[in-house]
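Chain by chain, the residues:
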Amino acid sequence: AQSVSQHNHHVILSEAASLELGCNYSYGGTVNLFWYVQYPGQHLQLLLKYFSGDPLVKGIKGFEAEFIKSKFSFNLRKPSVQWSDTAEYFCAVNPNNAGNMLTFGGGTRLMVKP
Amino acid sequence: DTAVSQTPKYLVTQMGNDKSIKCEQNLGHDTMYWYKQDSKKFLKIMFSYNNKELIINETVPNRFSPKSPDKAHLNLHINSLELGDSAVYFCASSQIRDGGSTQYFGPGTRLLVL
């Protein structure tokens, strides 16, 4: 069965530090990839997505992610985090032949200290 | 203008009761979903409806019954509630497109079964 792994469950950073959150998936075919963010007490919001084309994807709020097909990875990055980035981050994968089903990783809780 | 809305936002009830959660989207999407987020923030798809037809039905107890009266609505009825049903339930919607589509999430319904 397909799975999505987010290796970092909890990350604590100081403001202005750089961020990289790992995401790996096990599906071998063509995939669509997403990062969602969930601020405390709120719903999931789309940060960025990859369907095809340039594997370096830029999203909202200064986030970007790079799809590396050979590594089955889609890591999320931000060069300088802010206190307002404190949230839960979810990677999700949709194989192109699985309808529109999303499989989520377990999430990474990011805390940014002011 | 709320794109995907859910009611109620909070639901506290006793074991054994029957309850419903409603979801509406005004995005004109053809597909709607229900996800369950447990206390560890793990997100899992429960159901997906496309044009009022069930297309995904993950391993969910048959106490859970989704109903889609039209493309814009997907309600979730839960019979004989159990303690383990306590979770946050998210509704989402998307427009199915070749190559990939993005799911947009509602604010969630926090269900607590006592």
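Preceding block: the structure.
Definitions and limits used
- Residues numbered from 1 in each chain as written.
- Chains lettered and ligands numbered in written order.
- Predicted model: local features only at pLDDT ≥ 70, side-chain atom pairs only at ≥ 80, totals over all residues.
- Heavy atoms only, no water.
- Buried < 20%, exposed > 50% of the residue type's maximum accessible area, 1.4 Å probe, protein only.
- Helix = DSSP H or I, 4+ residues; strand = E, 2+ residues; numbered from the N terminus.
- Pairing = 2+ DSSP bridges.
- Disulfide = S-S within 2.5 Å.
- Phe/Tyr/Trp six-rings, centres within 6.5 Å; stacked < 30°, edge-to-face > 60°.
- Axes fitted to C-alpha atoms, helices over the stretch in contact; angles between N-to-C directions.
- Salt bridge = Lys/Arg side-chain N within 4 Å of Asp/Glu carboxyl O.

## Points about the pairing of strand 5 (residues 43-50) of chain B
Each regular strand carries side chains that alternate between the two faces of the sheet.
Residues and elements named next belong to chain B.
Piece 1. When you tally the buried positions in strand 5, you get six out of eight residues, the bulk of the element.
Piece 2. In the sheet, strand 4 (residues 31-37) pairs with strand 5 via seven bridges, with the strands oriented antiparallel. Bridge pairing in strand 5 places Q37 opposite L43.
Piece 3. Taking the residues between adjacent antiparallel strands as the criterion, strand 4 and strand 5 are bridged by five residues, where K41 takes a positive phi near 75 degrees.
Piece 4. Examined bridge by bridge, strand 5 and strand 6 (residues 53-57) share four bridges and lie antiparallel to one another. Bridge assignment links S48 to a residue of strand 6, and that residue is I56.
Piece 5. Where strand 5 folds back onto strand 6 in an antiparallel hairpin, the turn is made up of two residues, including N51, whose phi is positive at roughly 50 degrees.

## Notes on the state of the cysteines
Residues and elements named next belong to chain A.
Piece 1. The final tally for this structure, using the stated rule, is two disulfides over all chains.
Piece 2. At a sulfur-sulfur separation of 1.9 Å, the disulfide partner of C23 is C91. A torsion of -65 degrees about the S-S bond marks the disulfide between C23 and C91 as left-handed. In this pair, C23 sits in the loop between strand 3 (19-21) and strand 4 (24-25) while C91 sits in strand 10 (residues 87-95), placing the two residues 68 residues apart along the sequence.

## Describing unusual backbone geometry
Piece 1. With an omega of -5 degrees, the peptide bond running from B:T7 to B:P8 counts as cis.
Piece 2. Note on placement: B:P8 falls in the loop between strand 1 (4-7) and strand 2 (10-13).
Piece 3. Phi is positive for A:F72, close to 50 degrees, though the residue is something other than glycine.
Piece 4. In this structure, A:F72 sits in the loop between strand 8 (64-68) and strand 9 (73-78).
Piece 5. Phi at B:S80 takes a positive value of approximately 45 degrees, unusual for a residue other than glycine.
Piece 6. Along the chain, the position of B:S80 falls in the loop between strand 8 (73-78) and strand 9 (87-94).
Piece 7. According to the relative accessible area criterion, B:S80 is partly exposed, its value standing at 37%.

## Comments concerning the packing of aromatic side chains
Piece 1. All chains considered together, the criterion is met by 13 aromatic pairs over all chains.
Piece 2. On the basis of an interplanar angle of 45 degrees and a centroid distance of 5.6 Å, the ring pair of A:F63 and A:Y89 is categorised as tilted. Residue A:F63 is located in the loop between strand 7 (56-58) and strand 8, and its partner A:Y89 is located in strand 10; the two are separated by 26 residues in the primary sequence.
Piece 3. Taking the relative accessible area as the measure of exposure, A:F63 reaches 1% and is therefore buried.
Piece 4. Owing to a relative accessible area of 0%, A:Y89 belongs among the buried residues under this scheme.
Piece 5. Note on A:F104 and B:F105: the rings are 6.1 Å apart at their centroids and 75 degrees apart in plane angle, and the pair reads as edge-to-face. Placement of the pair is A:F104 in strand 11 (residues 103-104) and B:F105 in strand 10 (residues 104-105), with the two residues belonging to separate chains.
Piece 6. On the accessibility criterion, A:F104 (3% relative accessible area) is buried.

## A closer look at the sheet that holds strand 1 of chain B
Strand pairing in a sheet relies on backbone hydrogen bonds, with the paired strands running either antiparallel or parallel.
Residue and element names in this part refer to chain B.
Piece 1. Reading across the sheet, the four strands line up as 1-3-8-7 and stay open at both edges, with antiparallel pairing between neighbours. In the strand order of this sheet, the two ends are held by strand 1 and strand 7 (64-70), each with one partner. Here the strands of the sheet are splayed against their neighbours by 20 degrees on average, with no regard to which way each runs.
Piece 2. Here strand 1 pairs with strand 3 (residues 19-25) via four bridges, running antiparallel. Its bridge partner being in strand 3, S5 is matched across the sheet by E24.

## Observations regarding the pattern of salt bridges
Pairs may arise between side chains of opposite charge once their charged atoms sit close together.
Residue and element names in this part refer to chain A.
Piece 1. Overall, the coordinates contain seven salt bridges over all chains when judged by the stated rule.
Piece 2. The shortest N-O distance in the salt bridge between R109 and E88 comes to 3.0 Å. Of the two residues, R109 sits in strand 12 (residues 108-113) while E88 sits in strand 10, which places them 21 residues apart along the sequence.
Piece 3. According to the relative accessible area criterion, R109 is partly exposed, its value standing at 37%.
Piece 4. On the accessibility criterion, E88 (7% relative accessible area) is buried.
Piece 5. In the salt-bridge network here, residues are joined through shared partners; they are K58, E64, E66 and R77.

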